[in-house]
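# Reading the structure
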Amino acid sequence: MGELFSQYNVLGAFGITIVLTVLSALGALVIGTVVAIMRVSPVGFLNKLGALYVNLVRNTPLTLIIVFCNIGFIVNLGMSVSDDFARNNLVWATIGLAFYHAAFVCEALRSGVNTVPAGQAEAARSIGLTFGQSLREVLLPQAFRGAITPLGNTLIALTKNTTVATAIGVAEVAGLMKTMQEDRPDLMVPIFLVVAIGFVILTLPIGLVTTHLSQKLAVKR
Amino acid sequence: MKFGRISVMAVAATAALGLAACGGGTSGGSGGGSGSVKVGIKFDQPGLGLKAGADYTGMDVDLAKYIAKELGYAGTEFVEAVSAQRETLISTDQVKYIVGTYSITDARKEKVSFAGPYFIAGQDLLVRADDTTITGVDSLAGKKLCSVKGSTSATNVQKKVPGVNLQEYNTYTLCVDALKAGNVDALTTDDTILAGYAAQEANKGKLKVVGKTFSTENYGVGLKKGDVEFCKKVTDAITKYISSGEWQKAVDKNLGPAGYKPGAGNPPTPAACS
């Protein structure tokens with residue numbers, strides 16, 4: 001197993017996986033929150049638009065989205081952010097992952113909003129808060145706290161879904177695994193173990209932390 | 001396909017006769033026998049191993065069928081042998097042997113045995129037909145290159161040209177598209193695979209193989225590790241394949257349309273089994 005670590009940059013590949021995960025998680029959180037607000041807003045058009053986004057993106061295979069980010073945006077539309085392929089693909093893979101998981105973040109937040117009793121929203125409006133104010137001061141803080149567990153699930157799924165980025169050549173773990181399998185079939189089992197254990201090390205703490213937080217931050221009613 | 005059925009029956013009959021002529025003594029654990037044999041090939045490499053509908057074409061496919069015939073099997077049943085799964089397919093008996101641009105390497109010999117080589121390929125470059133700036137691996141500085149993620153070619157070119165701007169996809173087809181769209185300047189992998197793409201109808205006249213190889217890939221037939229008896233039979237089949245002229249015919253038919261000529265050392269002499 002030590003042979004793998006000396007011959008290949010395993011830690012570097014996991015580093016790229018972590019970078020992909022963190023950046024696209026942040027992107028997904030921002031986009032997902034916006035879409036969730038659209039879906040709970042009193043404006044019918046925004047409602048429909050948000051629902052359309054979620055149902056369209058959630059039901060599209062991730063591989064298709066990621067490959068389209070490369071073939072569609074970079075190759076055919078020439079929307080390159082850098083002449084360096086490695087950087088270009090990392091950026092577009094992050095964008096693709098963020099937009100895909102935003103749909104799940106949105107639904108997680110919406111489930112959080114549903115934990116807030118309807119009476120609170122009505123009370124907030126009746127004391128004169130605007131929709132934006134009641135969202136900011138009353139609804140969203142409780143929604144986030146109520147949605148920690150589903151958000152954690154989405155983050156774990158996102159961590160593992162970064163492996164799809166190998167389809168367009170991002171140098172993360174799944175790509176390295178292919179290289180190692182091609183070069184060193186004699187070490188097939190250690191290769192699988194290293195990758196599997198690596199992902200468990202990445203995702204297990206997420207699960208533990210979100211379970212802990214969801215209990216600690218639960219809104220007592 | 002009445003014709004196909006008749007020819008299969010003819011092959012089966014011949015095989016049966018052949019076995020009968022052999023008499024007793026040759027039956028045993030490995031090699032030979034009637035029925036069809038499961039063979040691993042590539043499904044996505046034009047000119048080498050390509051599945052189009054229910055038909056299989058390519059140089060590797062022709063050899064796979066020839067070996068099956070020589071060994072006395074009634075027919076072949078093709079199984080897709082993805083690069084990373086080849087060793088497992090053989091060691092778990094899911095296929096009897098693999099003919100799928102399978103380079104003989106020491107690391108692979110730990111898991112499987114090889115008969116051959118039956119072809120000597122080398123890593124080369126595929127460029128747009130009007131491109132005169134790329135003449136070999138030395139002229140790649142500042143160029144955009146494409147290959148398949150996890151392939152030996154990708155690893156190799158990164159060693160030869162440190163810091164090369166390399167786009168990696170999961171299939172060669174995407175590389176070919178990016179090359180035609182001008183997004184990359186060259187596609188690199190074995191010259192046989194490149195010739196197969198250059199010979200495709202959609203790419204004729206648009207792409208060309210540079211023709212200056214910078215690695216040596218000895219293609220072998222992968223089979224169960226340590227099965228020397230079976231290895232010897234396959235080696236005999238390959239030797240006969242080459243000496244009978246079938247080898248040249250297969251190369252001309254499958255890779256010829258792109259103007260591809262096999263490099264030095266071809267056709268090779270298969271190594272002895274051990």
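Residues numbered from 1 in each chain as written. Chains lettered and ligands numbered in written order. Predicted model: local features only at pLDDT ≥ 70, side-chain atom pairs only at ≥ 80, totals over all residues.

### A few points about the overall build of chain B
Going by this rule: Only DSSP runs of H or I with at least four residues qualify as helices, and only runs of E with at least two residues qualify as strands; both kinds are numbered from the N terminus onward. The contact rule is simple: place each C-beta atom from the backbone, and if two of them lie within 7 Å, those residues are in contact.
Each helix and strand counted, chain B has 9 helices and 13 strands in total. Excluding contacts between residues fewer than 6 apart, the proportion of contacts in chain B whose partners are at least 24 apart in sequence is 72%.

### With respect to the sheet that holds strand E5 (residues 75–80) of chain B
Residues and elements named next belong to chain B. To be explicit about the condition: Between any two strands, at least two bridges found by DSSP are needed for them to pair. Interaxial angles span 0 to 180 degrees and are taken between N-to-C directions of axes, which are lines fitted to C-alpha atoms, for helices over the stretch in contact.
With respect to topology, 5 strands assemble into an open sheet ordered E5-E1-E6-E13-E7, the strand pairing being mixed. Two strands in the sheet have a free side with no partner beyond their single neighbour: E5 and strand E7 (112–121). Two strands pair when backbone bridges link them, and strand E1 (residues 36–41) and strand E6 (residues 97–98) are joined in this way by 2 bridges, in the parallel orientation. Pairing of Gly40 across the sheet is with Ile98, part of E6. Each of E6, E7 and strand E13 (217–224) is contacted by helix H8 (residues 228–243), which is oriented at about 15 degrees to E7, the strand it contacts most.

### Here's the deal with the environment of Tyr118 of chain B
Residues and elements named next belong to chain B. To keep it simple, the criterion reads: The burial criterion counts other C-beta atoms lying within 10 Å of a residue's C-beta, which is placed from the backbone; the residue is buried at 20 or more, exposed at 12 or fewer, and partly exposed between these limits.
One can find Tyr118 in strand E7. The class for Tyr118 is buried, based on 29 C-beta atoms found within 10 Å. Each C-alpha atom of the pair Tyr118 and Val82 lies 20 Å from the other, and the pair is 36 residues apart in sequence. Excluding anything up to four places from it in sequence, Tyr118 contacts Leu63, Tyr219, Gly220, Val221, Ile238 and Pro270.

### Describing the interface of chain B and chain A
Note the threshold: Each residue gets one label: Ala, Val, Leu, Ile, Met, Phe, Trp, Tyr, Cys and Pro are nonpolar, Asp, Glu, Lys and Arg are charged, and the others, such as Gly, are polar.
If you look at the interface, chain B gives 24 residues, while chain A gives 20 residues. Across the side of chain B that touches chain A, the residue classes break down as 7 nonpolar, 9 polar and 8 charged.

### Details of helix H2 (residues 59–70) of chain B
All names here are of chain B. Here is the rule: By this rule the span expected of a helix is its residue count minus one, scaled by 1.5 Å.
With 12 residues, H2 extends 17 Å between its outermost C-alpha atoms, agreeing within 8% with the 16 Å of an ideal straight helix rising 1.5 Å per residue. The buried fraction of H2 is high, at 10 of 12 residues. Taken residue by residue, H2 has Met59, Asp60, Val61, Asp62, Leu63, Ala64, Lys65, Tyr66, Ile67 and Ala68 as its buried positions. Count one or two residues on from H2 and you reach Gly72, which has phi positive near 90 degrees.

### Considerations on the environment of Gly136 of chain B
Residues and elements named next belong to chain B. Along the polypeptide, Gly136 turns up in the loop between strand E8 (123–128) and strand E9 (144–148). Look at Gly136 and you get partly exposed, because 13 C-beta atoms sit within 10 Å. Considering only alpha carbons, one finds Gly136 and Ile193, 57 residues apart in sequence, at a separation of 17 Å. If we ignore the near neighbours within four places in the chain, the residues touching Gly136 are Val210 and Lys212.

### A short note on the sheet that holds strand E3 (residues 49–52) of chain B
All names here are of chain B. Across the sheet, which stays open at both edges, the 3 strands sit in the order E2-E3-E4 with antiparallel pairing between neighbours. Of all the strands in the sheet, the pair left with one neighbour each is strand E2 (44–45) and strand E4 (55–57). Sheet topology note: the E2/E3 ladder contains 2 bridges and is antiparallel. Its bridge partner being in E3, Asp44 is matched across the sheet by Leu50.

### Quick look at the domain arrangement of chain B
Residues and elements named next belong to chain B. Rules: Annotation comment: domain bounds sourced from an automatic or database domain assignment.
For chain B, the assigned domains read domain 1 (35–121 + 218–258) and domain 2 (123–209). Between domain 1 and domain 2, the C-alpha centre-to-centre distance is 25 Å. Contact with domain 1, which involves 11 residues of that partner, is made by 13 residues of domain 2. A class-by-class count of the residues in the side of domain 1 that touches domain 2 yields 6 nonpolar, 4 polar and 1 charged.

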